[in-house]
Amino acid sequence: MSSPETKLELYDDGAESPSEFMTGEMTVSSVQQNTTDPTAPNFNTLDEPIKATILRDVKAVGVKFYHVLIPKEKNTLLKEWDLWGPLVLCTFMATILQGSSDDMYDGGPEFAQVFVIVWIGAMIVTLNSKLLGGNISFFQSVCVLGYCLTPCALALIVCRIILLASQTTFLFFLRFLVASAGFGWATYASIIFLGDSQPPNRKALAVYPIFLFYFIISWLVISHSNV
């Protein structure tokens, strides 16, 4: 007993071969793509050279450093956040602050210790901000706290130069003033960027951990005495 043959037709009767259904044309819109303003709706970097991408990112990081030193415009750090600047600053400060290989003069922290202090400290400050009801994302807060290390890093450079001379009481107070100025500017800049994200009645609770965070970093700068 034979059964009727069953066929599964995948194509229309008029098709000569399956390839007819796989042919087509992909067209790209003739509208000019924007590769300079990331906030624009037609922003596209798929056809952008790698060199242009790197230069654009480096420029964006430099703009953030500028806004930290002159904290007037807030949107750049909050909207277009990244962690490249904080990583560079943290690596630089950890390299300079790490202890000497000579046990006689070794009084500084290890490289990993500075990394832990900076990143864990920033995360704790951010967590405190979120628990207090802050309307800012986790990475935005870490970005701001990291970029605001710029004054402390500049203070470290100046103190390092001062340490090249024979140390006196005057030079110690000079280093103290430089580190204090870096601490004050870093705290002020971070409050400018993060202050509006906190409820008005809880700003003091949010500012205190920021103050303590930069105080510890500045203490590392002023206590660094080995060359």
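Treat the numbers as computed from the prediction; the structure is a model and nothing was measured. (Residues numbered from 1 in each chain as written. Predicted model: local features only at pLDDT ≥ 70, side-chain atom pairs only at ≥ 80, totals over all residues. Heavy atoms only, no water.)

1. A closer look at helix 1 (residues 50-69)
The terminal C-alpha atoms of helix 1, which comprises 20 residues, lie 29 Å apart, in line with the 28 Å expected from a rise of 1.5 Å per residue. Among the residues of helix 1, V61, K64, H67 and V68 are the ones counted as buried. Down the axis of helix 1, the buried set is contained in an arc of 120°. They therefore lie on one face. Set apart from the buried face of helix 1 by more than 90 degrees, the exposed residues are K51, L55, V58 and K59. (Helix = DSSP H or I, 4+ residues; strand = E, 2+ residues; numbered from the N terminus. Expected span 1.5 Å × (residues − 1). Buried < 20%, exposed > 50% of the residue type's maximum accessible area, 1.4 Å probe, protein only. Arc of directions from axis to C-beta.)

2. Thoughts on the confidence of the model for the protein chain
In this model, the protein chain carries a mean pLDDT of 79, and residues with pLDDT of at least 70 account for 72%. The secondary-structure element of the protein chain with the lowest mean pLDDT is helix 2 (residues 75-79), recorded at 72, while helix 6 (residues 150-162) shows the highest, at 94. (pLDDT = per-residue confidence, 0-100.)

3. Re the pattern of salt bridges
Overall, the coordinates contain two salt bridges when judged by the stated rule. Close ionic contact of R56 with D57 constitutes a salt bridge, the shortest N to O distance being 3.6 Å. For D57, a relative accessible area of 37% puts it in the partly exposed group. Two residues, D82 and K64, come together in a salt bridge whose shortest N-O distance is 3.0 Å. Pair noted here: D82 is in the loop between helix 2 and helix 3 (84-97) and K64 is in helix 1, with a separation of 18 residues, a long-range link. The class for K64 is buried, based on a relative accessible area of 2%. (Salt bridge = Lys/Arg side-chain N within 4 Å of Asp/Glu carboxyl O.)

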